[in-house]
Amino acid sequence: MSQLNLILMGPPGAGKGTQAERLTEDFGLPYYATGDLLRAAVREGTELGREAKKYMDAGDLVPDEVVIGMIVEALGTDEAEDGFLLDGFPRTVPQADALGRALEQLGRRLNGVLLIEAPDEEIERRISGRRVSENGRVYHVEFDPPKTEGVCDVDGSALIQRDDDKPETVRKRLAVYHEQTTPLIAYYEDLGLLHSFDGSPPPAQVYEHLRATVSTLRREDEA
Ligand code: ADP
Ligand code: AMP
């Protein structure tokens, strides 16, 4: 049975969630975004959510053991049996190591790491205009507005600005990305898994390149 086990990587605001909507639809992959899982825990008011919120609001990473536990649990489900798309995980070398061990135990391997890159100035523009629905659907007030201002096209819920999308928190999140997550670029390059994409063009154009690469990875896995 062919499997597509993929990671979407890139700085906050590069367009990972935007592209994931298209990828999951076209390739039928279950999607696990640690940011979305953590925000759901915050909304539900669980102990994990309350603890995680402190780090998220400060623009820091939530401790490795918390997010590793969430992803290992997700990958062990029936839903993830034939493949998955991870977004926002791993973000540190210990998380990448833990993912590698978990996959090895399941007798599986990664097919590819899709890195979406965008310059910091573009990211600040994107994040300042980002609005999200309760289900995590992403819009932009200028670049990708909903049909009716402030309302999700899909489920009609009110769009909000994320607590951690304030300019000072965004700058902190970018610094954390450069410091703690960019070492993973060389990590996955050394494993021959890295595919880089320019995230600056409009979403449809970025997606064309992603789709072509993922189609190739799927054909290689089936061969
Ligand atoms: P990430 O998941 O990487 O944090 P998002 O997908 O949420 O990023 O995108 C951040 C913001 O930028 C959103 O408001 C989104 O609508 C917008 N956006 C995403 N991709 C592009 C693009 N290629 N061009 C312009 N705006 C984009
Ligand atoms: P995101 O939705 O990917 O932008 O993530 C929002 C916030 O959730 C981050 O700024 C972190 O505080 C936290 N977070 C998400 N994924 C991880 C991860 N893999 N490791 C640590 N913290 C994470």
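Residues numbered from 1 in each chain as written. Chains lettered and ligands numbered in written order. Predicted model: local features only at pLDDT ≥ 70, side-chain atom pairs only at ≥ 80, totals over all residues. Heavy atoms only, no water.

**With respect to the sheet that holds strand 7 (residues 194-198)**
- Pairing within the open sheet is parallel, and its 5 strands lie in the order 2-3-1-4-7. Either end of the sheet is taken by a strand with one partner, and the two such strands are strand 2 (31-33) and strand 7. For this sheet the average axis-to-axis angle between neighbouring strands, irrespective of direction, equals 20°.
- Looking at chain direction, strand 2 and strand 3 (residues 83-87) are connected through 3 bridges and run parallel. Considered in strand 3, the bridge of Y31 is made with L85.
- Against the sheet, helix 1 (residues 16-27) makes contact with strand 1 (4-9), strand 2, strand 3 and strand 4 (112-117), and its axis sits at roughly 170° relative to strand 3, the strand it touches most. (Pairing = 2+ DSSP bridges. Helix = DSSP H or I, 4+ residues; strand = E, 2+ residues; numbered from the N terminus. Axes fitted to C-alpha atoms, helices over the stretch in contact; angles between N-to-C directions. Contact = heavy atoms within 4.5 Å.)

**Looking at the site of ligand 2**
- Around ligand 2, a shell composed of 16 residues is seen, among which T34, R39, D60, G88 and Q95 lie nearest.
- Here a nitrogen atom of ligand 2 sits 2.9 Å away from a polar atom, N or O, in the side chain of Q95.
- Contact between ligand 2 and R162: an oxygen atom at 3.0 Å from a side-chain N or O atom of the residue.
- Notes on ligand 2: free accessible area 480 Å², of which the protein chains cover 95%.
- Sort the elements by how many residues they give to the shell around ligand 2 and helix 2 (residues 34-44) lands first, with 4 residues.
- Within the shell around ligand 2, the residues separate by chemical class into 6 nonpolar, 4 polar and 6 charged. (Near = heavy atom within 4 Å. Polar contact = N/O pair within 3.5 Å; in protein donor to acceptor, adjacent residues only side chain to side chain. Areas by Shrake-Rupley, 256 points an atom, 1.4 Å probe, with all protein chains shown as cover. Nonpolar A, V, L, I, M, F, W, Y, C, P; charged D, E, K, R; others polar.)

**Thoughts on the site of ligand 1**
- In the vicinity of ligand 1, 18 residues are found, and the nearest of them are G17, T18, R130, Y139 and P201.
- Within the backbone of A14, a nitrogen or oxygen atom sits 3.3 Å from an oxygen atom of ligand 1.
- Within the backbone of G15, one N or O atom sits 3.1 Å away from an oxygen atom of ligand 1.
- When ligand 1 sits alone it has 560 Å² of accessible area, and the protein chains cover 93% of it.
- In terms of residue class, the shell around ligand 1 is made up of 9 nonpolar, 6 polar and 3 charged.

**Thoughts on the packing of helix 1 against helix 9 (residues 203-222)**
- Look at helix 1 against helix 9: their axes get within 10 Å of each other, and the N-to-C directions meet at 40°. Between helix 1 and helix 9, the crossing angle belongs to the class labelled oblique. Like other packed secondary-structure pairs, helix 1 and helix 9 cross with a definite hand, here right-handed. In this structure, helix 1 contributes T18, Q19, R22, L23, D26 and F27 to the contact, and helix 9 contributes P203, A204, V206, Y207, L210, R211, V214, S215 and R218. (Parallel < 35°, antiparallel > 145°, perpendicular 65-115°, else oblique. Left-handed = near helix turned anticlockwise from the far one by under 90°.)

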